[in-house]
Structures are given as C-alpha cells and as structure tokens.
Amino acid sequence: MPSLTKPSTVRALLERYGLAADRRLGQNFLVDAGLLDVIVRTADVRPGQEVWEVGPGLGTLTRALALAGARVHAIEKDTRLEPVLRETLAGLPVELSFADALDCDWSEVPPGSLFVSNLPYNVATPLLSELLRQGRFGRLVVLLQREVAERLAAAPGTPAYGLLSLRAAHHARVRKVRDFPPEAFYPRPKVTSTLVELEHTGAPDDPELFRLIEAAFAARRKTLRKNLEQAGWPRDRVLAALAEAGLEPMVRAERLGIEDFRKLHAALGAPAS
Ligand SMILES: C[S@@+](CC[C@H](N)C(=O)[O-])C[C@H]1O[C@@H](n2cnc3c(N)ncnc32)[C@H](O)[C@@H]1O
C-alpha cells in the first residue's frame, strides 16, 4: 500500500474510485507523515488496545493506529468511502461501521477506553460534549479546528470561554499538544487545526449543574443575576446564593470557573417552576 500521506496518492486514490472530497463532511485528509506520527505518539496505544475512531476517511490514521498495535473501531458517515477503506485497511485489525457518530450509542464502550480522531469540523463540538458527558473514554486524542481547541482550554474571563470550556473543565484535564497548519491536509482547509489530549477525570455528568450553566450564559451581555432571574430563580434567592458562593452581585457568567458554578449550584438549588 503506497503511503497515504502524499497528496498525489490521495488524489490518485480518490480519482480511481471516482470520488471527490466532500467539504460538508469536513473531508480534509491528513497528508503529513510527521504530523500523523505526532498523533500516533500522543495516542500511545498499548499492543492489542481497543481504540475508537470517528471519520476514518481514506484510512490514513486508522492504518497508522492499527500498525502501532491498536484494534480499531472506526465509524464513518460517508458510505462512498467503503470500497476505499476495504482496500486501505485490508488485513488490519479494524472493525468498520457506517453511521453518523452523532447518533451512535457509546454505552457498550468499556469504561476507560481510548478515542483517537481527526474530527470533522462540523460535528466536533456536539460530539466531544457528548463523549465527555457519557464518560466512556478515559482519554481522547482529537484533532480539531484551532478555535474549538481554544474554547475547550479557555480560562474564565477570556473571549473563548463558554459552555464548551465548562463542559471540558467539569470532566477533563485538557492539554493542547500542537497546531497543524492547513498544508498538512488535502484538500487544504481555510483554518489551522490543533491536536488536543483530554484526560477524563471520571466526573459524571451533572445535568442540573449544566442547566444552571446554560441559563447563566443565555445572554452573555447580561449579568449572571439577570440571566438566572429570567430562567425562573427568584431574585432574593439568587442574591443570597451569590453571596453564599462568595460572588459579586453584578458578576457575569464568563468570570466564573467550574468551582464557582458548583458552589453557586449548591447554594441555589433548582429554579422555581
Ligand atoms: C477530517 S476527515 C478525517 C479523515 C481521516 N481520518 C484523516 O485523518 O485523513 C473527517 C472524516 O469524518 C467523516 N465524517 C463527517 N461527519 C461524520 C459523522 N457525523 N459521523 C462519522 N463520520 C463523519 C468524513 O466523511 C471524513 O471521512
């Protein structure tokens, strides 16, 4: 099998199957051998370890993971790629399924599993939030649009800070590994990508806490107090809870870290409905 990390090989492979990359599916295939190796080294698979991958595409990362010793479960939405993947992954320990990753049931994945993916841009945020929430993966090594990586790792009070940052902070430790330039992909995307490693802390979902966080960010320009009142908490309870959590009455949601939200949640309770 010729190297899939050469743009000329990728072009020839697509042409042979009469295919063109579909931008709506975020099909920007990795064509940089050195950066592919960075993903594999970050994934650090043990021999025989099971790995889940969303969006195998032409099989570039899937092959590299399998050759590094992983048994890969790869989920691809685009059924046009099936004959290509049957060719590029022939003889390797890869289980392919064709489905929308956003509709997948992850409950059968053994806890503490490894997830490695060059994620399609359009599903990265909802999929990652869901995977963190469900907590089946102990570690997630994901290539994302840089802007999404910044939101994941953002600190309170910074422009990228918001719901995704709090979802990540609640469940995981986030490490930005390195940027991948547009030239690392064929076809070239308009944006830079970033490889991120998330280590799940085991913190389970807390739907009530996240209802509070969503209400707190409903209108970013309003104060936290106003947003909570609008969501149904009575004003006196909001003011008392802010004081109990050690927060200023005029504070905005974007200033609060996950610990502040946990304290506020404990002090506030559910909204009056
Ligand atoms: C950025 S490409 C990555 C391809 C390959 N892994 C690589 O690194 O070259 C994203 C892949 O995800 C697939 N994809 C897009 N949306 C999907 C979804 N909702 N569920 C599963 N796969 C999806 C695309 O068809 C494409 O193959």
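Keep in mind it's a predicted model, so treat the numbers as computed, not measured.

Points about the site of the ligand
Surveying the vicinity of the ligand reveals 22 residues, the closest of which are Gly-55, Glu-76, Asp-100, Ala-101 and Asn-118. Glu-76 is positioned with one of its side-chain polar atoms (N or O) 2.6 Å from an oxygen atom of the ligand. Relative to its unbound accessible area of 600 Å², the ligand is 99% covered by the protein chains. Taken together, the elements giving at least two residues each to the shell around the ligand come down to strand 1 (29-30), strand 2 (50-54) and strand 3 (71-76). Of the residues belonging to the shell around the ligand, the class tally is 11 nonpolar, 6 polar and 5 charged.

So, the packing of helix 2 (residues 33-43) against helix 3 (residues 60-67)
Contact pair helix 2 / helix 3: the axes reach a minimum separation of 10 Å and the direction vectors enclose 45 degrees. The orientation of helix 2 relative to helix 3 falls into the category oblique. Crossing of helix 2 against helix 3: the hand is right-handed. In contact with Leu-36, Ile-39, Val-40 and Ala-43 of helix 2, helix 3 contributes Thr-60, Leu-61, Ala-64 and Leu-65. When its residues are assigned to classes, the contact of helix 2 with helix 3 shows 7 nonpolar, 1 polar and no charged.

Let's talk about the packing of aromatic side chains
Scanning the model with the defined rule gives 6 aromatic pairs in all. With a centroid separation of 5.8 Å and an interplanar angle of 70 degrees, the aromatic rings of Trp-106 and Phe-137 are classed as edge-to-face. One end of the pair, Trp-106, is in the loop between strand 4 (94-98) and strand 5 (113-118); the other, Phe-137, is in strand 6 (residues 137-145), with 31 residues separating them in the sequence. We classify Trp-106 as buried; its relative accessible area is 3%. Taking the relative accessible area as the measure of exposure, Phe-137 reaches 1% and is therefore buried.

A look at the environment of Ser-3
As for its placement among the helices and strands, Ser-3 is situated in the segment before helix 1 (7-16). Separated by 2.7 Å, the side chains of Ser-3 and Thr-5 make a polar contact.

Topic: the pattern of salt bridges
Applying the stated criterion across every chain yields a total of 18 salt bridges. Across the pair Arg-139 and Glu-197 runs a salt bridge, and its minimum N-O distance is 2.6 Å. In this pair, Arg-139 sits in strand 6 while Glu-197 sits in strand 9 (residues 193-200), placing the two residues 58 residues apart along the sequence. For Arg-139, a relative accessible area of 19% translates into the label buried. Residue Glu-229 is joined to Arg-225 by a salt bridge in which the shortest nitrogen-to-oxygen separation is 3.1 Å. Remark: Arg-225 and Glu-229 occur in helix 9 (residues 224-230); sequence separation between them is 4 residues, near one turn of the helix. On the basis of relative accessibility, which here comes to 13%, the residue Arg-225 falls in the buried class. One network of salt bridges, in which partners are shared, links Glu-130, Arg-133, Arg-167 and Asp-205.

Remarks on the UniProt feature "domain: Ribosomal RNA adenine methylase transferase N-terminal" (unreviewed entry) in the chain
Per the UniProt record, "domain: Ribosomal RNA adenine methylase transferase N-terminal" (unreviewed entry) is annotated on residues 35-202. Here residues 35-202 is 31% helix and 30% strand, with 29 Å between the C-alpha atoms at its ends.

Rules used in this analysis
Residues numbered from 1 in each chain as written. Predicted model: local features only at pLDDT ≥ 70, side-chain atom pairs only at ≥ 80, totals over all residues. Heavy atoms only, no water. Near = heavy atom within 4 Å. Polar contact = N/O pair within 3.5 Å; in protein donor to acceptor, adjacent residues only side chain to side chain. Areas by Shrake-Rupley, 256 points an atom, 1.4 Å probe, with all protein chains shown as cover. Helix = DSSP H or I, 4+ residues; strand = E, 2+ residues; numbered from the N terminus. Nonpolar A, V, L, I, M, F, W, Y, C, P; charged D, E, K, R; others polar. Axes fitted to C-alpha atoms, helices over the stretch in contact; angles between N-to-C directions. Parallel < 35°, antiparallel > 145°, perpendicular 65-115°, else oblique. Left-handed = near helix turned anticlockwise from the far one by under 90°. Contact = heavy atoms within 4.5 Å. Phe/Tyr/Trp six-rings, centres within 6.5 Å; stacked < 30°, edge-to-face > 60°. Buried < 20%, exposed > 50% of the residue type's maximum accessible area, 1.4 Å probe, protein only. Salt bridge = Lys/Arg side-chain N within 4 Å of Asp/Glu carboxyl O. UniProt positions renumbered as here; feature names shortened; annotations may be inferred.

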